[in-house]
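One-letter residues, chain by chain:
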Amino acid sequence: MKLADKIVKLRKQFGWSQEELAEKMEVSRQSVSKWESAMSIPDLNKILRLAEIFGVSTDFLLKDEMEVMEPLGEDVEEGVIRVSIDQVNDYEAAKTKIGNIVSNGVYLLIVSSAPMFILMGLSYSGYNIISENLAIGIGMGILLVIVAGAIGMMIHTEKYKKGFDTFEKKKFELQYGVESIVKERSEDFRPTYARHMAIGISLLILGSLTIILGGVLDGSDQIMMYMLATLLVIVGKGVHTLAQVGSRKEVYDLLLKEGKFSPANREEYKRAEKLAAFYWPLVTAIYLGWSFWTMDWHISWIIWPVAGVIFPALIGLMGLFSKD
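The structure presented is a predicted model; accordingly, all values stated were derived computationally and were not measured.

## A few points about the overall build of the chain
When helices and strands are counted, the chain shows 14 helices and two strands. When the 324 residues of the chain are sorted by exposure, 37% land in the buried category. When contacts within the chain are restricted to residue pairs at least 6 apart in sequence, those whose partners lie at least 24 apart make up 70%. On the chain, roughly 18200 Å² of surface is accessible, and the fraction owed to carbon and sulfur atoms is 61%.

This is the structure we're talking about:
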């Protein structure tokens, strides 16, 4: 493989345009284009710079017979896996897809009761559109279908988890040059993360205001049913927004070993994972059991914010016991 072909392959592997590579090399786009079309050859300083940026040896770039990339020599701890840019791209794509599916599933779970509230509101209208029992029956049927669909979506994510052990259960190091790419992506994503976090939190606050608004407007059972449905839709969208950007930020934090994935916080994250494995299914079972038993769906939703507050408290308590 010739130098020109290697430059093209490496540039595309890193996901850069000719303009982006030219910027990193501090040359014009035309220069990169000439290198890739073999119309000119980079000088020695540029070869050294290309090797540094791509994280390969100069031998790999200059020797046509070398087809396999040789990363620059680095001291690597025994048992630590070296992660390439291709592996990072595959992991990021899979986690993004899983994050989208899970956030959609969570949204469906939150709004699953909304149709029943709307139907119950119609039953309270006084126009005999639908009886209360029929409204509850149809609403429950819709709820079960939505819950089944949401759970099915979440189970479906297992097909995308191939290769996750490398990042989530084993020790790894990013190959030379890959870390700078991930940092660049993380910095580019930061404004989007901040914006969506603000939107998500605003929606959660706005959702809680619908109940207050319902009491101010009328306070009748019909209005409150509609307001509860509205609350679920707004809060669901808020959680959906937070979950989507949170899952993507988690990818960058894990790859860069920052935030909860830093060495100092890693143990706390592992404890959170173990607790979450049975805590949230238990909360879901309590929510559904209480709701079906009492049929007080307009009250039982309070389980979720309470459970959300208790969860980090339990994590902190586990941390105290582990230190002792």
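From this point on, the discussion continues.
## Considering the nonpolar core
Of all hydrophobic cores here, the largest spans 39 residues; its most connected members are Leu21, Leu50, Phe54, Leu61, Leu174, Val182 and Leu255. Ranked by size, the runner-up nonpolar core spans 15 residues in total, among them Met116, Ala135, Ala229 and Val235.

## Quick notes on a nonpolar patch on the surface
A cluster of nonpolar side chains, contributed by Ile201, Ile205, Leu206, Leu209 and Ile212, occupies part of the molecular surface with about 460 Å² of accessible area. Its location among the elements puts isoleucine 212 in helix α10 (residues 178-217).

## Details of the confidence of the model for the chain
Atomic detail in the predicted coordinates should be set aside for any region of low pLDDT. With 87% of its residues at a pLDDT of at least 70, the chain reaches an overall mean of 81. At the level of individual helices and strands, the chain shows its lowest average pLDDT in helix α13 (residues 297-300), which scores 68, and its highest in helix α7 (residues 114-123), which scores 90. Segment residues 71-76: pLDDT under 50, and 11 contacts once partners within four positions in sequence are set aside and those in other chains are kept.

## Comments concerning the packing of aromatic side chains
Enumeration according to the criterion identifies two aromatic pairs in this entry. The structure contains a cluster of three or more aromatic residues connected by ring pairs, namely Phe189, Tyr193 and Tyr252. Lysine 24 extends its terminal NZ or CZ atom over the ring of tryptophan 16, reaching a point 4.8 Å from the ring centre. The positively charged end of lysine 257 is found above the aromatic ring belonging to phenylalanine 172, 5.0 Å away from the centroid.

## Digging into the side chain of lysine 95
Along the chain, lysine 95 turns up in helix α6 (residues 85-111). With near-sequence residues (within four places) excluded, lysine 95 lies in contact with Phe164, Glu168, Glu250 and Val251.

## Quick look at the packing of helix α2 (residues 18-25) against helix α3 (residues 29-36)
At their nearest, the axes of α2 and α3 sit 8 Å apart, and the two run at 110 degrees to each other. In this view, α2 runs roughly perpendicular relative to α3, as classed from their interaxial angle. On the side of α2, the interface is formed by Gln18, Glu19, Leu21, Ala22 and Met25, while α3 contributes Arg29, Val32, Ser33, Trp35 and Glu36. Of the residues that constitute the contact of α2 with α3, the class distribution is five nonpolar, two polar and three charged.

## Observations regarding helix α1 (residues 3-13)
Counting buried positions along α1 yields eight of 11 residues, so the element is predominantly enclosed. Looking only at α1, the buried set comprises Leu3, Ala4, Lys6, Ile7, Val8, Leu10, Arg11 and Gln13. Each element contacted by the buried residues of α1 is listed here: α2, α3, α4 (44-54), α5 (58-62) and α6. Immediately beyond the C-terminal end of α1, within one or two residues, lies glycine 15, with a positive phi of roughly 75 degrees.

The rules behind each value
- Residues numbered from 1 in each chain as written.
- Predicted model: local features only at pLDDT ≥ 70, side-chain atom pairs only at ≥ 80, totals over all residues.
- Heavy atoms only, no water.
- Helix = DSSP H or I, 4+ residues; strand = E, 2+ residues; numbered from the N terminus.
- Buried < 20%, exposed > 50% of the residue type's maximum accessible area, 1.4 Å probe, protein only.
- Contact = heavy atoms within 4.5 Å.
- Areas by Shrake-Rupley, 256 points an atom, 1.4 Å probe, with all protein chains shown as cover.
- Core = buried A, V, L, I, M, F, W, Y, C linked by side-chain atoms within 4.5 Å.
- Patch = residues over 30% accessible without salt bridge, like charges linked within 9 Å, V, L, I, M, F, W, Y side chains within 5 Å.
- Salt bridge = Lys/Arg side-chain N within 4 Å of Asp/Glu carboxyl O.
- pLDDT = per-residue confidence, 0-100.
- Phe/Tyr/Trp six-rings, centres within 6.5 Å; stacked < 30°, edge-to-face > 60°.
- Lys NZ or Arg CZ within 6 Å of the ring centre and 35° of its normal.
- Axes fitted to C-alpha atoms, helices over the stretch in contact; angles between N-to-C directions.
- Parallel < 35°, antiparallel > 145°, perpendicular 65-115°, else oblique.
- Nonpolar A, V, L, I, M, F, W, Y, C, P; charged D, E, K, R; others polar.

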